[in-house]
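An overview of the molecular structure
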Amino acid sequence: MTESLTQKSFVLTTELFSNDFKGISNAEFLSQAFNLVATDSGNNRPVTVSSAGNPSDKSFSWVAKDFDGSQAPESQGLNNFFSLATFRPDSEGRYKRQKTNFVAQWVIALDDVTESIVEGRITLEPSYVLETSRGNYQVGYFLRTPIERVSQADALSKAIISSGLSDPGASGPSSRLMRLPVGCNGKYSPVFHCRLVF
């Protein structure tokens, strides 16, 4: 996991992947992703979702919990997700992943990136790469300055998808979730434990 987003002569390949990132907790990951010092303005927060089972099942719980910097889901046996954006609470103080509550997008993420895409097509050094199933990855970029307009976030997402760098189902960045490094992918049996490789 790196902090730099400076454009250099870079090509992402699986040869750059390693197991050196096992000690990074979800709380540390989120604090870096959302630059919590910079986001400390009122009650605007990212949210997390943590639940057992298969996310494809109708019974899966997608209840969101706000992350204030002090607690994050850390169980390796649960599906742990985070939002790409921060949200303001609604009138009842609850945090919901809705456009009406969107404040800013702090992370750009490519979803369902296969090894064929990794090898040679990604030429901007990412902040992290997370293996979410065997040979499948999520590639993310932490922004120093967030995107504050939903229309801009949506336009960027559509451009990434149309280029073939991300799964078409990964649209709607203002409410999109991505997986956290500590956790599992319950779509598989046995479950696949996510692995931060870059």
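As a reminder, the structure under discussion sits directly above these lines.
Quick summary incoming for the structure in this document. (Residues numbered from 1 in each chain as written. Predicted model: local features only at pLDDT ≥ 70, side-chain atom pairs only at ≥ 80, totals over all residues. Heavy atoms only, no water.)

1. Some remarks on the overall build of the protein chain
Note the following rule: A run of H or I in DSSP becomes a helix once it reaches four residues, and a run of E becomes a strand once it reaches two; helices and strands are each numbered from the N terminus. Values of the radius of gyration come from C-alpha atoms, whereas the globule rule sets the reference at 2.2 Å times the count of residues to the power 0.38. Think of it in three bands: with a 1.4 Å probe and only protein chains considered, a residue is buried below 20% of the maximum accessible area for its type, exposed above 50%, and partly exposed in between. Residues scored as charged are limited to Lys and Arg (positive) and Asp and Glu (negative), so that His and the chain ends carry no count. Every charge is mapped onto a representative atom, which is NZ of Lys, CZ of Arg, CG of Asp or CD of Glu.
The helix and strand inventory of the protein chain stands at three helices and 11 strands. Start at the N end of the protein chain and walk to the C end: the helices and strands fall as α-β-β-β-β-β-α-β-β-α-β-β-β-β. For 198 residues, the compact-globule estimate of 2.2 N^0.38 gives 16 Å, and the protein chain sits close to it at 16 Å. Overall, the protein chain is about 50 × 40 × 30 Å in size when its C-alpha atoms are taken along their principal axes. For the protein chain, the residues scored as buried account for 50% of the 198 residues in total. Taken as two groups, the 19 positive and 20 negative side-chain charges of the protein chain have centres that lie 6 Å from each other.

2. Section: the nonpolar core
Put simply, the rule is: Among buried residues, those of type Ala, Val, Leu, Ile, Met, Phe, Trp, Tyr and Cys that are joined through side-chain atoms within 4.5 Å constitute a nonpolar core.
Formed by 23 residues in total, the largest nonpolar core has its most connected members in Phe29, Leu30, Phe34, Phe82, Val107 and Tyr128. Counting residues per element, the ones that place at least two in this core are α1 (26–33), β5 (102–114) and β6 (128–133). Among the elements that take part in this core, β5 stands out by supplying five residues, more than any other. Phe17, Ile122, Val139 and Tyr141 belong to the second largest nonpolar core, which has 20 residues in total.

3. Points about the side chain of Asp111
So the rule is basically this: For this analysis, a polar contact is any N or O atom pair within 3.5 Å, provided that within protein one partner can donate a hydrogen and the other can accept it, and provided that sequence-adjacent residues contribute only side-chain to side-chain pairs.
Summarising the element assignment, Asp111 is placed in strand β5. One polar contact links Asp111 to Arg176, side chain to side chain, over a distance of 2.8 Å.

4. Let's talk about the environment of Asp167
Along the chain, the position of Asp167 falls in the loop between α3 (150–162) and β8 (177–179). Spatially, the C-alpha atoms of Asp167 and Val11 are 20 Å apart, while their sequence positions differ by 156 residues.

5. Notes on the pairing of strand β3 (residues 79–83)
Rule in force here: Being paired, for any two strands, means DSSP has found at least two bridges between them.
Burial of β3 is extensive: five of the five residues sit out of reach of the surface. Burial along β3 is two-sided: Asn79, Phe81 and Ser83 facing one way and Asn80 and Phe82 facing the other are all buried. By the bridge criterion, four bridges tie strand β1 (residues 47–51) to β3 in an arrangement that is antiparallel. By the bridge assignment for β3, Thr48 is matched with Phe82. In this structure, β3 lies alongside β8, joined through three bridges in antiparallel fashion.

6. Brief notes about the sheet that holds β3
Taken in spatial order, the four strands of this open sheet run β2-β1-β3-β8, and their pairing is antiparallel. Two strands close off the open sheet at either side, each with one partner strand: β2 (65–66) and β8.

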